[in-house]
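What follows is the residue order along each chain.
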Amino acid sequence: NDNARPRKKTSRRSQESRRRRQYRKGGSKAKGREGLSAYCNIIVTMKRIRSCLLVASLVAWFPSVPAFQTRNPSRSVTSRALRLINFQQCHNCQDRSSSKSLFWKLRDDASIVNQDYLVGTLGFGKDELQKNTTKRMLTLENGVLEERVNWLKDRLHLKRSEINKMAQSHPSILDKRSDENLMPKLDYLETRLLLDEKSLRKIIVGAPFILSFSTKDNLVPKLDYLQRRLGLDDVSLRKIILAAPSTLGLSIEDNLEPKLDWLQQRLILNDSKLSKVITTLPAILQYSIKGNIEPKLDWLQQRLDLDDASVGKIIQRLPSVLGYSIPNKLEPQLNWLQQRLSLTDEELSNLMQANPVLFGCSLDSNIAPTINFFVEALGDEREALALLMRSPALFSYSLEKRLKPRLEEVKKVGLVVNAACLKRIGEYPAKRWQTSLDFQAKQLRAI
């Protein structure tokens, strides 16, 4: 072919140069393969050294864990550490099924450690361990559960018995992260309710389930509702929650709102009077209407022949009446007073309406000694009982701090002890009493 490109002739010298270049190139490839093999051997050696160091550290660390001190000593701690290393080594294996098997063995190991801590340290029993929340805690990594318990103890200055009781009754608390859940919640309560460390501790110990509530969806709406519905300032709201922290566990729609509306209508109270009743006895919010409040109000109305307005006035002056038991407190109290003072039903009703504090006074340590005091001072039981009926407030004064010391002062001055004198002894405040006593003594000396 005339158009074909002529082949270039190469000299013998150039051919030899080409052979030398090819030889050097092949030698470089061989050397590269040898270097890569050496590098891989170094990496494998370093991994083995790291595994050995991890074994040594785990063997030294596991005996110091309290959970392992309560375990069966026949089980080797070293073998447990080796199981953890086997899991790490399985990443270098190509057998995926073996890796999954070791993963579940490691998970079972953490579950055993957590169960030991729950039973040995927190005192969990079989019933607590069967709860779903507790089962979730068993899957936590080693040390996480103990870290959360220690954080709560330090933050709230809890005793061991208190944290154990809280964990057993509400294990869901330990399912919350300290930094993301518990800490912001406690800080909010401190700021919102003007609490110091002692007051915060009291609320959480009294109602630990609060820690399992959502701040945004639960605590904030309830506190805002109570403050708005009852017209409370921050100090009054703080007082209610301190006295009855379980109030935060009540539903607004199903409990708080219908209960407040029912009380306001049943007792004929305006908003300010309702607020005063709740502030005086916050525990009312936890009472059942059908099981507690309504039967008690009906019994009082029937026993003392009261209308709704009259029974409402009694509750306004002494809200704690709703906390007294009918068979153990109210009924024996009224029967004793009626018999001892020889009262008719109407007179008894008038007496209790005039002085509802008698519902809360003790018969043995207050009412009976007070009656005896006035009877002995006047020397006439009928006159003494008549005085008490005209001035039932005399039952509320202290015998040891007011009535007896002032009677001694009267006798020392030489004044006549009569019904008017005993009434002044009980009703006059300290400054007015001293002025009256000095005036009476001056008049007596002038005679």
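Residues numbered from 1 in each chain as written. Predicted model: local features only at pLDDT ≥ 70, side-chain atom pairs only at ≥ 80, totals over all residues. Heavy atoms only, no water.

**Student:** Quick question: what am I supposed to make of a negative patch on the surface here?
**Tutor:** The grouping of Asp 305, Asp 307, Asp 345, Glu 346 and Glu 347 at the surface amounts to a negative patch. Looking at the element boundaries, Asp 305 is found in the loop between helix 15 (289-304) and helix 16 (308-317). With a relative accessible area of 70%, Asp 305 lands in the exposed category. (Patch = residues over 30% accessible without salt bridge, like charges linked within 9 Å, V, L, I, M, F, W, Y side chains within 5 Å. Areas by Shrake-Rupley, 256 points an atom, 1.4 Å probe, with all protein chains shown as cover. Salt bridge = Lys/Arg side-chain N within 4 Å of Asp/Glu carboxyl O. Lys, Arg positive; Asp, Glu negative; His and termini not counted. Charge placed at Lys NZ, Arg CZ, Asp CG, Glu CD. Helix = DSSP H or I, 4+ residues; strand = E, 2+ residues; numbered from the N terminus. Buried < 20%, exposed > 50% of the residue type's maximum accessible area, 1.4 Å probe, protein only.)

**Student:** So what exactly am I meant to see when it comes to the pattern of salt bridges here?
**Tutor:** For side chains of opposite charge, pairing can occur when their charged atoms come near one another. Tallied over the entire structure, the rule returns 14 salt bridges. The residue Arg 192 makes a salt bridge to Asp 224 at a minimum N-O spacing of 3.0 Å. With a gap of 32 residues between them, Arg 192 in helix 9 (residues 178-192) and Asp 224 in helix 11 (residues 215-230) connect regions that are remote in the sequence. On the basis of relative accessible area, Arg 192 is assigned to the buried category, the value being 16%. The residue Asp 234 makes a salt bridge to Arg 192 at a minimum N-O spacing of 3.8 Å. Of the two residues, Asp 234 sits in helix 12 (residues 234-243) while Arg 192 sits in helix 9, which places them 42 residues apart along the sequence.

**Student:** I tried to follow helix 17 (residues 326-340) on my own but got confused; where do I start?
**Tutor:** Working note: α-helix, 3.6 residues per turn, so residues spaced by three or four point in the same direction. Relative to the 21 Å expected for 15 residues at 1.5 Å per residue, helix 17 spans 20 Å between its end C-alpha atoms, a close match to the ideal helical length. The axis of helix 17 is deflected most strongly, by about 25°, at Pro 332. Packed against the buried residues of helix 17 are helix 15, helix 18 (345-354) and helix 19 (363-378). One side-chain oxygen of the residue at the start of helix 17 lies 3.4 Å from the amide nitrogen of Asn 328, identifying that residue as Ser 325. Downstream of helix 17 by a residue or two, Ser 342 has a phi angle that is positive, lying close to 55°. (Expected span 1.5 Å × (residues − 1). Bend = angle between axes of the 7 residues up to and from the residue. Contact = heavy atoms within 4.5 Å. Polar contact = N/O pair within 3.5 Å; in protein donor to acceptor, adjacent residues only side chain to side chain.)

**Student:** It is not clear to me how the environment of Ser 436 should be interpreted in this structure. Could you clarify?
**Tutor:** Considering the arrangement of structural elements, one finds Ser 436 in helix 23 (residues 430-446). Residues Ser 436 and Ile 425 lie 11 residues apart in sequence; the distance between their C-alpha atoms is 9.8 Å. Setting aside chain neighbours within four positions, we find Ser 436 in contact with Arg 424 and Tyr 428.

**Student:** Just checking my understanding: could you explain the nonpolar core for this structure?
**Tutor:** A general feature of soluble globular proteins is that nonpolar side chains tend to end up buried together. Core analysis: the largest hydrophobic core is formed by 109 residues, its most contacted members being Leu 152, Ile 241, Ile 278, Ile 284, Met 352, Phe 359 and Phe 374. By residue number, the principal contributor to this core is helix 19, which donates 8 residues. Contact partners of Phe 359, with chain neighbours within four places excluded, come to Leu 300, Leu 304, Ile 314, Leu 318, Val 321, Tyr 324, Lys 329, Leu 330, Gln 333, Leu 334 and Met 352. (Core = buried A, V, L, I, M, F, W, Y, C linked by side-chain atoms within 4.5 Å.)

**Student:** Even after reading the chapter, I still don't get the packing of aromatic side chains, so can you show me in this structure?
**Tutor:** Each aromatic ring pair is characterised by the separation of its centres together with the angle its planes make. In total, this model carries 2 aromatic pairs according to the counting rule given. Aromatic pair Phe 209 and Phe 213: ring centres 5.5 Å apart, planes at 55°, arrangement tilted. Judged by centre distance (5.2 Å) and plane angle (85°), the rings of Phe 373 and Phe 374 are edge-to-face. In terms of burial, Phe 373 and Phe 374 fall into one category: buried. Its guanidinium or amino end placed over the ring of Tyr 428, Arg 432 lies 4.1 Å from that ring's centre, counting from NZ or CZ. (Phe/Tyr/Trp six-rings, centres within 6.5 Å; stacked < 30°, edge-to-face > 60°. Lys NZ or Arg CZ within 6 Å of the ring centre and 35° of its normal.)

**Student:** Would you take a moment to explain unusual backbone geometry for this structure?
**Tutor:** Glycine aside, negative phi is the norm for most residues, and most peptide bonds take the trans geometry. Although it is not a glycine, Leu 194 adopts a positive phi angle of roughly 55°. With relative accessibility at 46%, the residue Leu 194 sits in the partly exposed group. Positioned with a positive phi, Asp 305 is a non-glycine residue whose angle comes to about 55°.

**Student:** Before we go on, may I ask you to explain the packing of helix 15 against helix 16 in this structure?
**Tutor:** Packed helices, taken two at a time, are described by the angle between their axes plus the distance between the axes. Relative to each other, helix 15 and helix 16 sit at 115°, their axes nearing to 10 Å. It follows that helix 15 is roughly perpendicular to helix 16 by the angle criterion. Considering how the two elements wind past one another, helix 15 and helix 16 form a crossing that is right-handed. Touching Leu 297, Leu 300 and Gln 301 of helix 15 are Asp 308, Val 311 and Ile 315, all from helix 16. Its residues assigned to classes, the contact of helix 15 with helix 16 comprises 4 nonpolar, 1 polar and 1 charged. (Axes fitted to C-alpha atoms, helices over the stretch in contact; angles between N-to-C directions. Parallel < 35°, antiparallel > 145°, perpendicular 65-115°, else oblique. Left-handed = near helix turned anticlockwise from the far one by under 90°. Nonpolar A, V, L, I, M, F, W, Y, C, P; charged D, E, K, R; others polar.)

**Student:** Is there a simple way to think about the confidence of the model for the protein in this case?
**Tutor:** Should pLDDT be low for a region, the predicted coordinates there are not to be read in detail. Confidence along the protein averages 82 in pLDDT terms, with 76% of residues attaining 70 or more. Every residue in residues 28-32 is under pLDDT 50, and counting partners more than four places away or in other chains gives 0 contacts. Between residues 65-108, whose pLDDT stays under 50, and residues either more than four places distant or in other chains, the model counts 46 contacts. (pLDDT = per-residue confidence, 0-100.)

**Student:** Please explain helix 23 as it appears in this structure.
**Tutor:** Over its 17 residues, helix 23 runs 24 Å from end to end, which matches the ideal 24 Å to within 8%, given 1.5 Å per residue. Considered for burial, the residues of helix 23 that qualify are Trp 433, Ser 436, Leu 437 and Ala 441. Within helix 23, the buried residues cover an arc of 130° as seen down the axis, which keeps them to one side. Opposite the buried face of helix 23, by more than 90 degrees, sit the exposed residues Lys 431, Thr 435, Lys 442 and Ala 446. For helix 23, the elements touching its buried residues are helix 21 (399-413) and helix 22 (419-427). (Arc of directions from axis to C-beta.)

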